[in-house]
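Commentary on secondary and tertiary structure
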2 protein chains.
Amino acid sequence: MSNHAHDHDCPGCSSPDLAFSRHDHAHCAQDVLARADAIAEENGVRLTPVRRRALEILLESHRAMGAYDVLQRLAADGFGNQPPVAYRALEFLVEQGLAHRIRRLNAFAACMHPGEDHAPVFLICRGCNAVAEAQAAPVRAALDAAAAAIGFSVERANVEALGLCPACKEAAA
Amino acid sequence: MSNHAHDHDCPGCSSPDLAFSRHDHAHCAQDVLARADAIAEENGVRLTPVRRRALEILLESHRAMGAYDVLQRLAADGFGNQPPVAYRALEFLVEQGLAHRIRRLNAFAACMHPGEDHAPVFLICRGCNAVAEAQAAPVRAALDAAAAAIGFSVERANVEALGLCPACKEAAA
DNA sequence: CCTTGACCTGTTATGATATAACATACATAT
DNA sequence: ATATGTATGTTATATCATAACAGGTCAAGG
Ligand SMILES: [Zn+2]
Ligand SMILES: [Zn+2]
Ligand SMILES: [Zn+2]
Ligand SMILES: [Zn+2]
């Protein structure tokens, strides 16, 4: 599963839902970034400075960011400040499976499971705006079954759920 | 299930997937429209001329239409030709469960099962652009289970799959 | 009757998201 | 060194969506 080796507990590598839990996020982000480097190498593509920086920006929190927000951050770091700069970096990340596009939010989020083949299912908290990637296999299986029943072949799917995370649910109560 | 009564076979009322099948679409659309009238009555809201016309336009095919396309059609029929005219009519239809918003396409499609409580799952054919609403219950159950496993409560969900319908699959082969 | 208030329609204006097209720079391979 | 593919940057424009306000309709209550 995880293609990096270190001894200590690595929540980012085991738990699918840490977006909603308190955790060592610096470690979490570092870990994903390291895996991203490895994946780029493997795939024979270049994780150039803008692209890497865009990923770092997405990794600052478990939230989705709009392209223009990412752009603003990139520009502040000395990169170009026109929309294609952000869109191209984000597009690259999505193509390489390093980020996901959340259509419901017109926004992008870093993938927390890069390299693992996964049809993502997103849980979006309307309280704190955190986005988690949930266990998708059963959902995808149900979807494939429903589609197959009428002869439809699913190639790509978005599953995006809006609701409340445990913390926000408790806060609301 | 179906809240209208007529004797003959009514594919629109039984089959979930007729978007991809040849069928008597005039009947199909008429039927939905009649149910829409009934639903508006029930809900104590008004299916005014613009709103009804917008629904008719969506019902012309089993495809999603962008708000601006709907607007153009409405304007041609003598209604206002500014974006809010279309967006408001569409918003009304969505609120009343008479249409769905397909986020992946930035577009809207008539609901083929108005009045039936259903969390929709959309199957979007990339060949012919038809959009079908599939059996969603198992998908939704899987999603709820995955969410519950990490304490997340799903309030609303979009499930949108892109792929090939039976006809386009055959055509491609 | 006629006023009030809710709601629907329409307009102007602007905001937010996304891409096309082209120019320049950089990498790598002959 | 030159050619080739790829990456970055810019200008301009396309596409999608909403805020804010003005006028019209209609039914309920005075
Ligand atoms: Zn984290
Ligand atoms: Zn939350
Ligand atoms: Zn039909
Ligand atoms: Zn098709």
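Residues numbered from 1 in each chain as written. Chains lettered and ligands numbered in written order. Predicted model: local features only at pLDDT ≥ 70, side-chain atom pairs only at ≥ 80, totals over all residues. Heavy atoms only, no water.

1. Thoughts on the coordination of the zinc ion (ligand 2)
Residues and elements named next belong to chain A.
- Within the first shell, the zinc ion (ligand 2) binds the protein through Cys 125 (SG), Cys 128 (SG), Cys 165 (SG) and Cys 168 (SG), at distances of 2.1 to 2.4 Å.
- Because the angles between the 4 donor atoms bound to the zinc ion (ligand 2) fall within 100 to 120 degrees, the donor set is best described as tetrahedral.
- Site description for the zinc ion (ligand 2): donor spacing in sequence, C-x2-C-x36-C-x2-C. Of this pair, Cys 128 sits in the loop between strand E3 (121–125) and strand E4 (131–134) while Cys 168 sits in helix H7 (residues 166–172), placing them 40 residues apart in sequence.
- The exposure class assigned to Cys 168 is buried, which follows from its relative accessible area of 16%. (Donors = N, O, S within 2.8 Å, 3.2 Å for Na, K, Ca; no water. Tetrahedral: all angles 85-135°; square planar, octahedral: opposite > 155°, others 65-115°. Helix = DSSP H or I, 4+ residues; strand = E, 2+ residues; numbered from the N terminus. Buried < 20%, exposed > 50% of the residue type's maximum accessible area, 1.4 Å probe, protein only.)

2. So, the protein's contact with DNA strand C
- Residues in contact with DNA strand C amount to 18 residues; listed here are only the nearest, A:Tyr68, A:Tyr87, B:Arg46, B:Thr48 and B:Arg88.
- Considering the 4 Å shell around the protein, atoms of DNA strand C inside it are sugar or phosphate in 53% of instances.
- The separation between a phosphate oxygen of DNA strand C and a polar side-chain atom of A:Arg101 is 3.0 Å.
- Contact distances for DNA strand C include 3.4 Å between a phosphate oxygen and a backbone N or O atom of B:Gly80.
- Of all elements in the fold, only helix H5 (83–95) of chain A together with helix H3 (49–58) and helix H5 (83–95) of chain B reach the threshold of two or more residues within the surface near DNA strand C.
- Classifying every residue of the surface near DNA strand C gives 8 nonpolar, 5 polar and 5 charged. (Near = heavy atom within 4 Å. Polar contact = N/O pair within 3.5 Å; in protein donor to acceptor, adjacent residues only side chain to side chain. Nonpolar A, V, L, I, M, F, W, Y, C, P; charged D, E, K, R; others polar.)

3. Focus on the packing of aromatic side chains
- Applying the stated rule across the entire model yields 4 aromatic pairs over all chains.
- Where A:Phe152 meets B:Phe20, the ring centres are 5.4 Å apart and the plane angle is 15 degrees; that geometry is what we call stacked. Placement of the pair is A:Phe152 in the loop between helix H6 (137–149) and strand E5 (153–164) and B:Phe20 in the loop between helix H1 (11–14) and helix H2 (25–43), with the two residues belonging to separate chains.
- Judged by centre distance (6.2 Å) and plane angle (80 degrees), the rings of B:Tyr68 and B:Tyr87 are edge-to-face. One end of the pair, B:Tyr68, is in helix H4 (residues 67–76); the other, B:Tyr87, is in helix H5, and 19 residues separate them in sequence.
- Against the face of A:Phe92 rests A:Arg51, its NZ or CZ located 3.9 Å from the ring centre. (Phe/Tyr/Trp six-rings, centres within 6.5 Å; stacked < 30°, edge-to-face > 60°. Lys NZ or Arg CZ within 6 Å of the ring centre and 35° of its normal.)

4. Observations concerning the coordination of the zinc ion (ligand 4)
Residues and elements named next belong to chain B.
- Here the zinc ion (ligand 4) is held by the protein donor atoms Cys 125 (SG), Cys 128 (SG), Cys 165 (SG) and Cys 168 (SG), which lie 2.1 to 2.3 Å from it.
- Sequence positions of the donors to the zinc ion (ligand 4) reduce to the motif C-x2-C-x36-C-x2-C.
- Judged by relative accessible area, Cys 128 falls into the partly exposed class, the value being 26%.

5. Focus: the interface of chain B and chain A
- Each partner contributes to the interface: chain B provides 35 residues, whereas chain A provides 35 residues.
- Between chain B and chain A, roughly 3000 Å² of surface is buried when both sides are summed, and carbon and sulfur atoms account for 60% of that area.
- Counting the surface chain B buries against chain A, the share from its top three residues, B:Arg104, B:Ile150 and B:Phe152, is 21%.
- The tally of links from chain B across to chain A stands at 2 salt bridges.
- Here A:Arg126 ties to B:Glu155 by a salt bridge, and the two come within 2.6 Å at their closest N and O atoms. (Contact = heavy atoms within 4.5 Å. Buried area = accessible area lost by both parts, 1.4 Å probe. Salt bridge = Lys/Arg side-chain N within 4 Å of Asp/Glu carboxyl O.)

6. With respect to the protein's contact with DNA strand D
- Close to DNA strand D lie 18 residues; A:Arg46, A:Thr48, A:Arg88, B:Tyr68 and B:Arg101 are nearest.
- Between A:Asn81 and DNA strand D, the recorded distance is 3.5 Å, taken from a backbone N or O atom to a phosphate oxygen.
- Ranked by residue count, the leading element in the surface near DNA strand D is H5(B), at 4 residues.
- Grouping the amino acids of the surface near DNA strand D by side-chain chemistry returns 8 nonpolar, 5 polar and 5 charged.

None of this, on its own, says anything about what the molecule does.
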